[in-house]
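Spelled out from the first residue to the last, the chains are:
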Amino acid sequence: MGRIAYVNGRYVPHGEAAVHIEDRGYQFADGVYEVIAVYRGRLVDEQGHLDRLRRSLSELEIGWPVSESVLPGLMREMIRRNRIDEGIIYLQVTRGVATRDHAFPARAKPALVMTARSRDLTGLMTGQPVRVLTVSDNRWGRPDIKSISLLPNCLAKQKAHEAGCFEAWMVDREGWVTEGTSSNAWIVTADGKLVTRKADMAILNGITRISLIELVRRSGVEFIERPFTVAEAKEAREAFLTSTTSFVKPVIEIDAHPVGDGRTGALTERLIAFFTDHVRSQTEAA
Ligand code: PDD
């Protein structure tokens, strides 16, 4: 059986799923999205993703395409129809279809599309180390909103891949690392402190980030939310990134400069284990 997509109330074969060419997502990137991991057929950190979706919609004054209480059932149906054991659900809400005009349309109905695909998440739990390239952060002023407007992120990720790196860490005008193109950035400083930037308007408040902070706080590991520079990251003892599609990934090189001894750090290993337990415990069969 092939993949099934959800398009505005209908489940359709993935290859036939389509929206109208005047959908404002297509013309203006006027929409928001979420990517949610599925492990053992269950959604990981579902409530966090729903809370962030609510916030993104509200910041852009886009209404719910279906009532908030209905969405979890639709996502479960996507898991069921696509037979996902390990994978991801992508969901996108746009302001809807309207004659092209920059200002909000008076009567467009928000549009909801979802795709699901299998993906090996157990493999992520091994914490495969990666390299990072730094690039300047030239995004708009509201990266805290999970908007589908991702062109600067795409350009930066492409640049990273061309340099043989997995991710690009974006750097603001003052030299502070903001975040990755699709992940949050963390370091363990030369004197052993775990640091990640505060979730201000300059970054997306990752759900993986939020969960890991909670796990770190419970464990008693010393942790500080503050920005760090590229120079500090290069001199750090350890570095890693977090996201729904990476979980916790060690960063062993920044701009071809080895981080620490160039191998996964001890604290990073511990945090990978924390996060793996977190995913496993919330997806155990009842
Ligand atoms: N990206 N920062 C940015 C810019 C992101 O796009 C993402 C996620 C994150 C991490 O957020 P979370 O832990 O909630 O996944 C941080 C998703 C995975 C994507 O665009 O595919």
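Just so you know, these numbers come straight off a predicted model, no measurement behind them. (Residues numbered from 1 in each chain as written. Predicted model: local features only at pLDDT ≥ 70, side-chain atom pairs only at ≥ 80, totals over all residues. Heavy atoms only, no water.)

(A) How the structure looks around helix α3 (residues 71-81). Considered for burial, the residues of α3 that qualify are Leu 71, Pro 72, Leu 74, Met 75, Glu 77, Met 78 and Ile 79. Directly after α3, the chain includes Arg 83, whose backbone phi takes a positive value near 50°. (Buried < 20%, exposed > 50% of the residue type's maximum accessible area, 1.4 Å probe, protein only. Helix = DSSP H or I, 4+ residues; strand = E, 2+ residues; numbered from the N terminus.)

(B) The arrangement of the domain arrangement of the protein chain in detail. Segmenting the protein chain into domains produces domain 1 (4-119) and domain 2 (124-285). Taken together, the contact between domain 1 and domain 2 spans 28 residues of the former and 26 residues of the latter. When domain 1 packs against domain 2, the two sides together hide about 2200 Å² of surface, and 59% of this comes from carbon and sulfur. Our count for the contact surface shared by domain 1 and domain 2 stands at 2 salt bridges. We note a salt bridge from Asp 144 to Arg 55, for which the minimum N-O separation is 2.9 Å. Taken together, the links from domain 1 to domain 2 amount to 12 residue pairs in polar contact (both at pLDDT 80 or more). Of all elements in the fold, only β3 (31-39), β4 (42-43), α2 (46-59) and β5 (87-94) reach the threshold of two or more residues within the side of domain 1 that touches domain 2. Sort the elements by how many residues they give to the side of domain 1 that touches domain 2 and β3 lands first, with 8 residues. (Domains from an automatic or database assignment. Contact = heavy atoms within 4.5 Å. Buried area = accessible area lost by both parts, 1.4 Å probe. Salt bridge = Lys/Arg side-chain N within 4 Å of Asp/Glu carboxyl O. Polar contact = N/O pair within 3.5 Å; in protein donor to acceptor, adjacent residues only side chain to side chain.)

(C) The site of the ligand, seen in detail. Neighbouring the ligand are 19 residues, the closest being Tyr 33, Glu 179, Ile 207, Thr 208 and Thr 244. Between the ligand and the protein, one listed contact pairs an oxygen atom with a side-chain N or O atom of Arg 52 at 2.9 Å. Note that an oxygen atom of the ligand is positioned 2.5 Å from one of the side-chain N or O atoms of Thr 244. When the free accessible area of the ligand is taken as 480 Å², the share hidden by the protein chains comes to 91%. Of all the elements in the fold, those that place two or more residues in the shell around the ligand are β3, β9 (177-180), α5 (207-219) and β13 (238-243). Taken together, the residues that form the shell around the ligand break down as 4 nonpolar, 12 polar and 3 charged. When we break the shell around the ligand down by domain, the ones giving at least three residues each are domain 1 (4-119) and domain 2 (124-285). (Near = heavy atom within 4 Å. Areas by Shrake-Rupley, 256 points an atom, 1.4 Å probe, with all protein chains shown as cover. Nonpolar A, V, L, I, M, F, W, Y, C, P; charged D, E, K, R; others polar.)

(D) Here's a closer look at the pairing of strand β2 (residues 10-13). Here strand β1 (residues 4-7) runs beside β2; their pairing, made up of 4 bridges, is antiparallel. Residue pairing across strands places Ile 4 opposite Pro 13, the latter belonging to β2. Where β1 folds back onto β2 in an antiparallel hairpin, the turn is made up of 2 residues, including Asn 8, whose phi is positive at roughly 45°. (Pairing = 2+ DSSP bridges.)

(E) Quick peek at the side chain of Lys 146. For Lys 146, the position within the fold is in the loop between β7 (130-136) and α4 (151-162). In this structure the side chain of Lys 146 is engaged in a polar contact, spanning 3.0 Å, whose partner is the side chain of Tyr 33. Those residues in contact with Lys 146 that sit more than four places away from it in its chain are Gly 31, Val 32, Tyr 33, Glu 34, Val 35, Arg 52, Ser 56 and Leu 204.

(F) Representation of the pattern of salt bridges. According to the stated counting rule, one finds 23 salt bridges in the structure shown. Arg 142 is the partner of Glu 59 in a salt bridge, and the nearest nitrogen-oxygen pair spans 2.9 Å. One end of the pair, Glu 59, is in helix α2; the other, Arg 142, is in the loop between β7 and α4, and 83 residues separate them in sequence. The exposure class of Glu 59 is partly exposed, given its relative accessible area of 35%.

(G) Spatial organisation of the pairing of β9. Both strand β8 (residues 167-171) and β9 contribute to a ladder of 2 bridges, which runs antiparallel. If you follow Val 171 over to β9, its bridge partner there is Val 177. In this structure, the hairpin formed by β8 and β9 is closed by a connection of 5 residues, where Gly 175 is found at a positive phi of approximately 95°.

(H) Main features of the packing of α5 against helix α7 (residues 266-282). For the pair α5 and α7, interaxial distance at closest approach is 10 Å and the crossing angle is 110°. Taken together, the axes of α5 and α7 lie roughly perpendicular to each other. Mapping the contact onto sequence places Thr 208, Ser 211, Leu 212, Leu 215, Val 216 and Ser 219 in α5 and Arg 270, Leu 271, Phe 274, Phe 275 and His 278 in α7. Of the residues in the contact of α5 with α7, the class split is 6 nonpolar, 4 polar and 1 charged. (Axes fitted to C-alpha atoms, helices over the stretch in contact; angles between N-to-C directions. Parallel < 35°, antiparallel > 145°, perpendicular 65-115°, else oblique.)

(I) Just the packing of aromatic side chains, in detail. Throughout the structure, instances matching the rule amount to 6 aromatic pairs. An aromatic cluster is present here, built from Trp 186, Phe 223 and Phe 240 joined pairwise through their rings. Sitting over the ring of Tyr 11, Arg 81 keeps its end group 4.0 Å from the ring centre. When the ring centre of Phe 104 is taken as reference, the NZ or CZ atom of Arg 95 above it lies at 3.5 Å. (Phe/Tyr/Trp six-rings, centres within 6.5 Å; stacked < 30°, edge-to-face > 60°. Lys NZ or Arg CZ within 6 Å of the ring centre and 35° of its normal.)

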